[in-house]
Structure formats: C-alpha cells, structure tokens
Amino acid sequence: MTNAPFALDRREFIALAGGLAAVLVVGDGAYFSSRRSAAHAQPVPSESGTLTQPETPLNGTIASPNTETAAAATTSPETESAAATNTEMPPTTLEDLPWNLRLVNRDHPLAADFAPSNLAELPDASWVEPHVNHRVDARIVEDLTAMLTTAETEGVRPVICSSFRTYDYQENLFENRIERAEHEDHLEGTEAEEAAAFWVAPPGASEHQTGLAVDIVDADYQELDEGQEATATQQWLMAHCAEYGFILRYPTDKSATTGIGYEPWHYRYVGKEAAPAVAESGLCLEEWLTETYHVQA
C-alpha cells in the first residue's frame, strides 16, 4: 500500500491556520522583545576602547520595554520635582537668605562699618522712649508701629528702650559689662569676657546693629531682667508678636545655642511669613534656619 499525501478537510484547515496565526503574532512579539533585550545587552566600547558587558539587574533579568514604560508611569510630577530639587539645587548659604532672615551672632558678626542704608526714625508715640532718637530699618516701621499701637489699644503699655546701635556704641556696652564682671564676679581676662558676652553681645555680634531688633519694656517695670516676663506687656507681646513679623529672639531654654542669656524684652523682626513658623516650631532662629534652609548657623 502506498502512502497517501497528508490531507486536511476544510474545517481542519481553518482551525489549523487560526492556531498558526496566533503563534506567529505572539512569537513575533516575543522575537522583537528578545531582539531589543539582546541589543541592550550587547557589549559596548569602554573608555579604553575595549568592549565591556553592560550590567544586568541583580535578579539576572532584563526589563522589557513594557516594564520600563510602566515604571515611568508610576513616577509622579511631584516625585520628579523633588528629585530634581534634591540633586540640582545647591545648599543655601546664609548670604542667600533674604534681608529679614539675616543671622547675626558671635559666629556670624557684622563688620565694624556696617550700618543699614535705610534707617528711619521712629514716630513720636507713647510707646517710644521720650527724648531719644530711636531708629530702625525703614522696612519694619509699619509692622512695629501696628504691633505696639494695637498693644496699647488692648490695655498694655509697651515702651521701646533700645533700637539701632552702632558698632562703637555696642563696644562701649560690652566693655562696661566686662568691667562689671571683673568687679562684681571677680573674673579676669577671657573669663570676664565670656561672662560679659552672655548678657551683652560683643561688638559686631549684636542684632541691634542691623536695625531689625528692638528692646521693649513695660512702662510700669523698665528693668532689663527676668522680671519683664511677668509684665502685662511681655505677656501680650509673646502671644502676639509673631502676627506682626517679630519673634522673641533669646528664649529662656536656648542659651546654649544662641550664646545669649534669656532676654524677655528683645524682639527681632523676621517677617510675617517666617515669624509664625519660628514661633510654632519652638526653635530659636539659629535652629530654625538650619532646619528650614539647611544652612550652617
């Protein structure tokens, strides 16, 4: 008996053709996917001119184009923006900060000839010490006036007793404090200077030289000591100063950081945006600048 050619009827042929088409479609996709993967895995020239094999993932597999597309789709604009910020923006320096956030202390002193170019005399008001030419940076006058005027309308009696100071004036204050440490505390040399600097900033290290700081006392109690804290004026100012852009610069528990003892009368202008943030954080200015702007304060 002779072997007959293999033959299919019409229905068998259609079924077989459909199956082959499916195999071809799937196979073609797999083929090109494999070609792409193989192309990515081809050796590439190194800087020395020799061919090196590209690295593969730790699991030994090579991601397909579909996998790469899906991974890219999961990256949100916010993530990309944050990544760009972290990799492209250089660390902020103190010099990059705006005028109202200028940091002045013993580590970051002002030059002897520094003086604000826009000093303005404070208005003749009941909250200004009489017969004294008090001046501040002109940019803080409006907020300072609003704060102390409002304080008066709410029943307290603030009085500005110190504002802008020159380098030379601060130097005299500091020298007087050193003499006091020598006579009252029997200290000498460096010890006397360190003791003095805890209560009176050395020349160049005082915020008063910037025109952004004021000392405010209660009209009924004008001593510069911790007794100020209990006065109605200080209680009001501590509760409301941030609304006007001011902070209590030298809090009671931050002396180790600021280098200055507790001064419940020294208020520093940092602006209406920054002041509430500083107050709510519970940090002193040095700490807040470090945490917020990543500067070395």
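## Concerning the overall build of the protein
Across its full length, the protein holds 10 helices and 8 strands. Relative to its full complement of 297 residues, the protein shows a buried share of 34%. Taking contacts inside the protein between residues at least 6 apart in sequence as the whole, the part at least 24 apart equals 65%. A total accessible area of about 18200 Å² is found for the protein, and carbon and sulfur atoms account for 53% of it.

## Remarks on helix 6 (residues 189–197)
Regarding helix 6, the residues found buried are Ala-192, Ala-196 and Ala-197. For helix 6, the buried positions fall inside an angular range of 130° around the axis, keeping them on one side. Every exposed residue of helix 6 that faces more than 90 degrees away from the buried side is listed here: Thr-190 and Glu-191. In this fold, the buried residues of helix 6 make contact with helix 5 (167–184).

## Concerning the packing of helix 5 against helix 6
Packing of helix 5 against helix 6 brings their axes to within 8 Å, and their N-to-C directions diverge by 120°. Between helix 5 and helix 6, the crossing angle belongs to the class labelled oblique. Pair helix 5 / helix 6 crosses with right-handed handedness. Contacts from Phe-174, Arg-177, Ile-178, Ala-181 and Glu-182 in helix 5 reach Ala-192, Glu-193, Ala-195, Ala-196 and Ala-197 in helix 6. Tallied by class, the residues present in the contact of helix 5 with helix 6 amount to 7 nonpolar, no polar and 3 charged.

## Thoughts on the environment of Gln-296
With respect to the helices, strands and loops of the structure, Gln-296 is situated in the segment after helix 10 (285–293). Along the chain, Gln-296 and Leu-94 lie 202 residues apart, while their C-alpha atoms are 7.6 Å from each other. In this view, Gln-296 contacts Leu-94 and His-108; residues no more than four positions away in its chain are not counted.

## Here's the deal with unusual backbone geometry
Here His-131, not a glycine, exhibits a phi torsion of approximately 65°, which is positive. By the element assignment, His-131 lies in the loop between strand 3 (119–121) and strand 4 (135–137). Notably, His-186 is not glycine yet its phi reads approximately 55°, a positive angle. Within the secondary structure, His-186 sits in the loop between helix 5 and helix 6. His-186 gets classed as exposed once you look at its relative accessible area, which sits at 66%.

## Focus: the nonpolar core
Formed by 25 residues in total, the largest nonpolar core has its most connected members in Leu-144, Met-147, Leu-148, Ile-160, Ile-216, Phe-246 and Tyr-267. In contact with Met-147, other than residues within four places in its own chain, are Ile-216, Trp-236, Leu-237, Cys-241, Tyr-244 and Phe-246. Formed by 15 residues, the second largest nonpolar core is a distinct cluster that contains Leu-97, Ala-242, Val-270 and Ala-275.

## Notes on the packing of aromatic side chains
With the rule as written, the count across this model stands at 5 aromatic pairs. With 5.1 Å between their ring centres and 75° between their planes, Phe-246 and Tyr-269 make a pair best called edge-to-face. A residue pair is termed long-range when its members are at least 10 positions apart, and Phe-246 in strand 7 (residues 246–248) and Tyr-269 in strand 8 (residues 266–269) qualify at 23 residues. Through a chain of ring-to-ring contacts, the aromatic side chains of Trp-99, Phe-246 and Tyr-269 assemble into a single cluster. Sitting over the ring of Phe-114, Arg-102 keeps its end group 4.8 Å from the ring centre. A cation over an aromatic ring shows up here: Arg-139 above the ring of Trp-99, its NZ or CZ 3.9 Å from the ring centre.

## Quick notes on the sheet that holds strand 7
Spatially, 5-6-8-7 is the arrangement adopted by the 4 strands of the open sheet, whose pairing is antiparallel. In the strand order of this sheet, the two ends are held by strand 5 (158–162) and strand 7, each with one partner. Mean inter-strand twist for the sheet, computed between neighbouring axes without regard to direction, equals 40°. The sheet contacts of helix 4 (residues 141–153) involve strand 5, strand 6 (213–218), strand 7 and strand 8, and relative to strand 5 the element is tilted by about 140°.

Conventions and cut-offs
- Residues numbered from 1 in each chain as written.
- Predicted model: local features only at pLDDT ≥ 70, side-chain atom pairs only at ≥ 80, totals over all residues.
- Heavy atoms only, no water.
- Helix = DSSP H or I, 4+ residues; strand = E, 2+ residues; numbered from the N terminus.
- Buried < 20%, exposed > 50% of the residue type's maximum accessible area, 1.4 Å probe, protein only.
- Contact = heavy atoms within 4.5 Å.
- Areas by Shrake-Rupley, 256 points an atom, 1.4 Å probe, with all protein chains shown as cover.
- Arc of directions from axis to C-beta.
- Axes fitted to C-alpha atoms, helices over the stretch in contact; angles between N-to-C directions.
- Parallel < 35°, antiparallel > 145°, perpendicular 65-115°, else oblique.
- Left-handed = near helix turned anticlockwise from the far one by under 90°.
- Nonpolar A, V, L, I, M, F, W, Y, C, P; charged D, E, K, R; others polar.
- Core = buried A, V, L, I, M, F, W, Y, C linked by side-chain atoms within 4.5 Å.
- Phe/Tyr/Trp six-rings, centres within 6.5 Å; stacked < 30°, edge-to-face > 60°.
- Lys NZ or Arg CZ within 6 Å of the ring centre and 35° of its normal.
- Pairing = 2+ DSSP bridges.

Coordinates in, geometry out; function isn't part of it.
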